[in-house]
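Architecture at a glance
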2 protein chains.
Amino acid sequence: MSAAARARRMDETAEITVLEQSDYVSFANCGLPYHLSGEIEQRESLVLHTTGSLAATLALDVRTGSRVTSIDRAAQTVSVSAGSDTYDLSYDALLLSTGAVAVQPPIDGLDHPAVHSLRTIPDLDAVNARVDHLLARAASDRQPRAVVVGAGFIGLEAVEALVARGLRVDLVELADHVLPPLDAELAPLLADELRAHGVGLHLGVSATSVTGAGDDGSATVTLADGTVLAADVVVVNVGVRPASDLARDAGLDLGPSGAIRVDSDQRTSDPHVWAVGDAVEVLVAVTGAVGPVPLAGPANRQGRRAADSMLGRRTTPQAPVLGTAIVRVFGLTAAVTGASQASLARAGIEHEVVRIHPGHHAGYFPGAEQVHLVASFAPDGRLLGAQGVGREGVDKRIDVLATALRAGMTADDLAELELAYAPPYGSAKDPVNMLGFVAQNVLDGTMPQWHASELDTVGEETLVLDVRSVDEFEQGHLEGALNIPHTELRERVDEVRLAAAGRGISVHCASGVRSHIATRVLVAAGLDARNLSGGWLTLAAVRPDAAVRTDSAAPALAAV
Amino acid sequence: MSAAARARRMDETAEITVLEQSDYVSFANCGLPYHLSGEIEQRESLVLHTTGSLAATLALDVRTGSRVTSIDRAAQTVSVSAGSDTYDLSYDALLLSTGAVAVQPPIDGLDHPAVHSLRTIPDLDAVNARVDHLLARAASDRQPRAVVVGAGFIGLEAVEALVARGLRVDLVELADHVLPPLDAELAPLLADELRAHGVGLHLGVSATSVTGAGDDGSATVTLADGTVLAADVVVVNVGVRPASDLARDAGLDLGPSGAIRVDSDQRTSDPHVWAVGDAVEVLVAVTGAVGPVPLAGPANRQGRRAADSMLGRRTTPQAPVLGTAIVRVFGLTAAVTGASQASLARAGIEHEVVRIHPGHHAGYFPGAEQVHLVASFAPDGRLLGAQGVGREGVDKRIDVLATALRAGMTADDLAELELAYAPPYGSAKDPVNMLGFVAQNVLDGTMPQWHASELDTVGEETLVLDVRSVDEFEQGHLEGALNIPHTELRERVDEVRLAAAGRGISVHCASGVRSHIATRVLVAAGLDARNLSGGWLTLAAVRPDAAVRTDSAAPALAAV
């Protein structure tokens, strides 16, 4: 629809026909979970345009219930099946926006009537009807139960919606953490938020079967580890694959992922055919991967670009896709842009990782919430990717970082960004500036880092120095750690030297700020010290098992 | 303090002495209005560090109540006056961070005891004491009254704070709109918000005198237009000037504005002396102006840069300052980055202006608030500046635009930015993308514009075509406008041609979206049509006098 609308605005004389196999055009598929939850009250709110409104406003001939069954590229015609009618339609320029279809995971019994997806308005209607039915029945009965398979963006939104409707929800995810695009140190924050809202998490395990359970239409979901979950409704969202059958059958070039291959103007291997959206291949920024990236923003702009190209106008060539994405999970926001650490590792791209936990606005102004940010940088300082989780201000920082990433900015550039500061909005040193500052220190060697993933070797091979206060230390600390509050460190460097006995020193505090100062003091004293990236906050997320508590009444140091 | 802290972290051996004439170091001056309002409850929250905490954490020798009276550059010493003591201190590297002092406007009677500024903690304490006194006294009496002189950032924050405390506030501003850095079409939104909170606005007029009024310490403020305002407290904030006397007396180069001249490493004309903050000159981005820009963010980074330079480390050279700034005015946020239209006009820089009013997130998701955005672009597409006002999401868009501006991005780049979209956070076409789309259309001639400022000539020389619905038209429209809803335009083009009678056609709708389609229809029909930038929303803000209403029961078209 973006392409059709743009084409009309740019050319009043073109004959523009839109063929849609379903009964809906231009519906807000990103809004479906929010109507399921009830947050978007009116179903009609999801239908952005109708055939009538598109005809009146843009003189578009929109034909719903009209499936294109084949393309004759030589004749420049498409065959259309509409109800019992079939007819051919000729074209000068053809745009394929066939989208994606839900991936069917290898689970037995997906045809069980309790099983649904959540991609289309009919999907939504079906889940909604089932939930309405369950709630009406359950009023004086047990709490209805849902199983959601797949903890990606839509899966998490479905979980939130079903909990909002009063269901007890179990979430099953094959990867070892929720929201697989998110890096391992941030995902546990989402997992905690899900558990706090009563969601049962089943991570690192697949669902293997759905079987009939009762006459009431309920089901039993069995997991690979033998867990058996009762489910009155099952929502499966494990991703999508390009709907490129029509293109393939017409002999257009597809990539290895099955997505339609297009140039930077959205043109396919046939100069009279363009393609956009979830069905096409894109070049992924940073890693250079090529494949489908099903996101609304790029799809919309592809439509605009295709229209310009079809009309012979100047186009804005598609930039590599950053994969910027965001999700609300109850009170938390999680957002990503650019390459994750996992994808950098897979692509073999050398990088340094920075982790910080600043407030979303000035700390002295009430209501500051921590923004948990992770960013990766190339050795030359170039930003490669960033992710964030928090209750406030995450969307802003990820949007700034997505802009910086698109511009090819470096740690130096982030340090010097001039962002809007007044106490209710940010800090004189915004979290994005802080990412830049820390990255500068890491990249120029001013602040050698160690990482939570190195915990086991660090505990064995180095002295762990905890520079938090004695009170904080007593709340929980690493086994064998020496506790010297950072304010006492300068006068107690010899103690550290003695305890280290020639080993390296692995310093940490809560977030990495105090331990940065401490690390600098130790390095200046000629010691081999490194600072824990992201501090205790990151460590505790990745390794909740790591903390030991000081139960004795003795001072913390005596416990070492 | 940024410089001192950075210097210590980078060099454990340096002797670092901080000399401060007042009793406070490292206080949150941006937070002062929010303690006045009571939003920051504890005064101690504003004091970020003390001499003790700085000594313990960073081994800094911080001496408050210590005024530097002169610099002997040849001897590399400063003379310090501390109470009755005076002494000299030698330096290898000297940093001047002398800040700014409040500009005293030419108002008689500024020494009246009711008159205060709001720059320092003693200022705040004095205003707070006065307000406490007034409120205690006024409990069963009349509402206490305040006059705030100067409607800049701090003036507006002071107004908000005094209203929050229950005072009746009059605001006096010499410029013809509030927040002078804001462009004329956005400022009326703030003015409306101020009036809605009971603030009396006196714009385009100066205060000329403050005179004693009663035994209770109250005053009378007289304005140049003869208005007389009663005031129990007067807060004057009309800007600051660099506090560069010390530098001038030491023979350091100053610029024409009186600010200390520094290079991109913050070094003054003396290679052993650096300077930072409100006291120094910066290069202003876009216009190329040179002068002081008193903002917290750049000042902090200047401190960091100066420390690195003083220690001979690699520095991140200062980028031209964008002047990104933000203010909360009751429920509204106003923010700016880069050049305003007024400053572009003053600098003689050719530009096109784009004005849009999209929702801060998807319209189908509940709670979408309009973001009023204005951006200027060079003829080659380069972004020159952007401003925004709205209830939600303004800070995010201005931060993204500040990042884009720093990167030298164009309209094409904004169109292609990949920002985080889920219904609670944004739209698939984010407001920043929309700015890019509209700017592309303006710059490539697809969408010729007219501007609210041309209203008078447009009404005389062209046909005004209002493509809103009949209902909207009847709520208020321009005199002589022809109303044809955009959905009927294609079949009624001949009506337009007839009414235009060879003249140009000035099209508008509410925000510019429907009229864009309409303009394209008319241009395609060979007519000379232009679209009102920002639509009726912008027009009504700039020219609230322009609307006429249809009072007759006759259809709107009959009224033409």
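Here is what the cut-offs are and how they apply
- Residues numbered from 1 in each chain as written.
- Chains lettered and ligands numbered in written order.
- Predicted model: local features only at pLDDT ≥ 70, side-chain atom pairs only at ≥ 80, totals over all residues.
- Heavy atoms only, no water.
- Contact = heavy atoms within 4.5 Å.
- Buried area = accessible area lost by both parts, 1.4 Å probe.
- Salt bridge = Lys/Arg side-chain N within 4 Å of Asp/Glu carboxyl O.
- Polar contact = N/O pair within 3.5 Å; in protein donor to acceptor, adjacent residues only side chain to side chain.
- Helix = DSSP H or I, 4+ residues; strand = E, 2+ residues; numbered from the N terminus.
- Least-squares fit on C-alpha atoms with pLDDT ≥ 70 in both.
- Buried < 20%, exposed > 50% of the residue type's maximum accessible area, 1.4 Å probe, protein only.
- Phe/Tyr/Trp six-rings, centres within 6.5 Å; stacked < 30°, edge-to-face > 60°.
- Domains from an automatic or database assignment.
- Pairing = 2+ DSSP bridges.
- Axes fitted to C-alpha atoms, helices over the stretch in contact; angles between N-to-C directions.

Considerations on the interface of chain B and chain A
Contacts between the two partners involve 83 residues from chain B and, on the opposite side, 83 residues from chain A. Buried surface at the junction of chain B and chain A, summed over both partners, amounts to about 7,200 Å²; 56% is from carbon and sulfur atoms. Three residues, Arg301(B), Tyr364(B) and Glu418(B), lead the burial of chain B against chain A; their summed loss comes to 12% of the area buried on that side. Inspection of the region where chain B meets chain A yields 14 salt bridges. Across the salt bridge formed by Arg406(B) and Glu418(A), the nearest N and O atoms sit 3.5 Å from each other. Linking chain B with chain A are 43 residue pairs in polar contact (both at pLDDT 80 or more), by the criterion used here. For the side of chain B that touches chain A, the element with the most residues is helix α10 (residues 394-406) of chain B, which contributes 8 residues.

A look at the relation of the copies chain B and chain A
Each copy of the chain is related to the other by a rotation around an axis and a translation along that axis. Of the transformation superimposing chain B on chain A, the axial component is 0.0 Å and the angular component is 180°, with the fit at an RMSD of 0.0 Å. Here the symmetry operator amounts to a two-fold rotation axis. By residue overlap, the copies meet face to face through one surface: 100% of the interface positions of chain B are interface positions in chain A.

A few points about the environment of Pro105(A)
All names here are of chain A. By the element assignment, Pro105 lies in the loop between β7 (100-102) and β8 (115-116). By relative accessible area, which is 13% here, Pro105 ends up buried. Ignoring anything within four residues of it in the chain, the contact list for Pro105 reads Leu110, Val236 and Val238.

Describing the side chain of His361(B)
All names here are of chain B. Structurally, His361 is set in the loop between β22 (352-356) and β23 (371-377). At 3.5 Å, the side chain of His361 forms a polar contact with the backbone oxygen of Pro366. Other than its neighbours up to four places away in sequence, His361 contacts Pro366, Gly367, Ala368, Pro423, Pro424, Tyr425, Gly426 and Ser427.

Topic: the packing of aromatic side chains
Within the structure shown, the criterion is met by 4 aromatic pairs over all chains. When the centroid spacing of 6.5 Å and the interplanar angle of 70° are considered together, the rings of Tyr24(A) and Phe27(A) count as edge-to-face. Owing to a relative accessible area of 23%, Tyr24(A) belongs among the partly exposed residues under this scheme. With centroids separated by 5.1 Å and ring planes inclined at 85°, the aromatic side chains of Tyr34(A) and Phe365(B) adopt a geometry described as edge-to-face.

Some words on the domain arrangement of chain A
The assigned domain composition of chain A is domain 1 (2-97 + 243-310), domain 2 (115-238), domain 3 (331-443) and domain 4 (449-559). Measuring from the centre of the C-alpha atoms in domain 2 of chain A to the corresponding centre in domain 4 of chain A gives 41 Å.

With respect to the environment of Gly480(A)
Residue and element names in this part refer to chain A. By the secondary structure assignment, Gly480 is in the loop between β27 (477-478) and β28 (482-483). Using a relative accessible area of 49% as the deciding quantity, one classes Gly480 as partly exposed. A sequence separation of 21 residues divides Gly480 from Gly459, and the C-alpha atoms of the two residues are 7.6 Å apart.

Some details on the sheet that holds strand β30 (residues 529-532) of chain A
All names here are of chain A. Pairing in this open sheet of 5 strands is parallel, and the strands run β25-β30-β29-β26-β28 from one edge to the other. For this open sheet the edge positions go to β25 (449-450) and β28, each flanked by a neighbour on one side alone. With 3 bridges connecting them, strand β29 (residues 504-508) and β30 associate as parallel partners. Bridging across to β30, Ile505 finds its partner in Ala529. The strands touched by helix α16 (residues 513-524) are β26 (462-466), β29 and β30; relative to β30, the strand with the most contacts, the crossing angle is about 175°.

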